[in-house]
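# Examining the three-dimensional arrangement
Okay, here's what each chain looks like letter by letter:
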Amino acid sequence: QVQLVESGGGLVQAGGSLRLSCVASGSISSSNAMGWYRQAPGKQRELVAVISPNFTNYGDSVKGRFTISRDHAKNTVYLQMNSLKPEDTAVYYCTYATMIPPRSYWGQGTQVTVSS
């Protein structure tokens, strides 16, 4: 089993920055991907960023503003969010994905609110 605990969310003014953290525990492999998704009220969950040993991908709306990183020794993934906009307001979820078997684990989410 895998447990994910996010932290770092909060209220910030437009143009500000926040850093989210997600600590994974349980059966964790550095070869598997970790990432962040977000869900705003009334909208579908969308990709923010994902990182693995082979690739790093970002959602189009955050490219150039957000940076994902990972500390394998701490089983932690980070999301540095700069130049925040009100439309970045959402619950941000951490995810960990295994290949064999194919499965995704999710954290409880952390609220990010950007005021205009």
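Residues numbered from 1 in each chain as written. Predicted model: local features only at pLDDT ≥ 70, side-chain atom pairs only at ≥ 80, totals over all residues. Heavy atoms only, no water.

## Here's the deal with the state of the cysteines
Per the counting criterion, the structure on display carries one disulfide. Through a disulfide, Cys22 is tied to Cys94; the S-S separation comes to 2.0 Å. Its S-S torsion of approximately -80 degrees makes the covalent link between Cys22 and Cys94 left-handed. Separated by 72 residues along the polypeptide, Cys22 in strand S3 (residues 18–26) and Cys94 in strand S9 (residues 90–98) bring together distant segments of the chain. For the pair shown, Cys22 and Cys94 are each scored as buried. (Disulfide = S-S within 2.5 Å. Helix = DSSP H or I, 4+ residues; strand = E, 2+ residues; numbered from the N terminus. Buried < 20%, exposed > 50% of the residue type's maximum accessible area, 1.4 Å probe, protein only.)

## So, the sheet that holds strand S7 (residues 66–71)
In space, the four strands of this open sheet follow the order S1-S3-S8-S7, with antiparallel pairing throughout. Each edge of the open sheet is held by one strand with a lone partner, namely strand S1 (2–7) and S7. Across the sheet, the mean angle from the axis of one strand to that of its neighbour is 15 degrees, orientation sign disregarded. Across six bridges, the pairing between S1 and S3 is antiparallel. In the sheet register, Val2 faces S3, and the bridge partner there is Gly26. (Pairing = 2+ DSSP bridges. Axes fitted to C-alpha atoms, helices over the stretch in contact; angles between N-to-C directions.)

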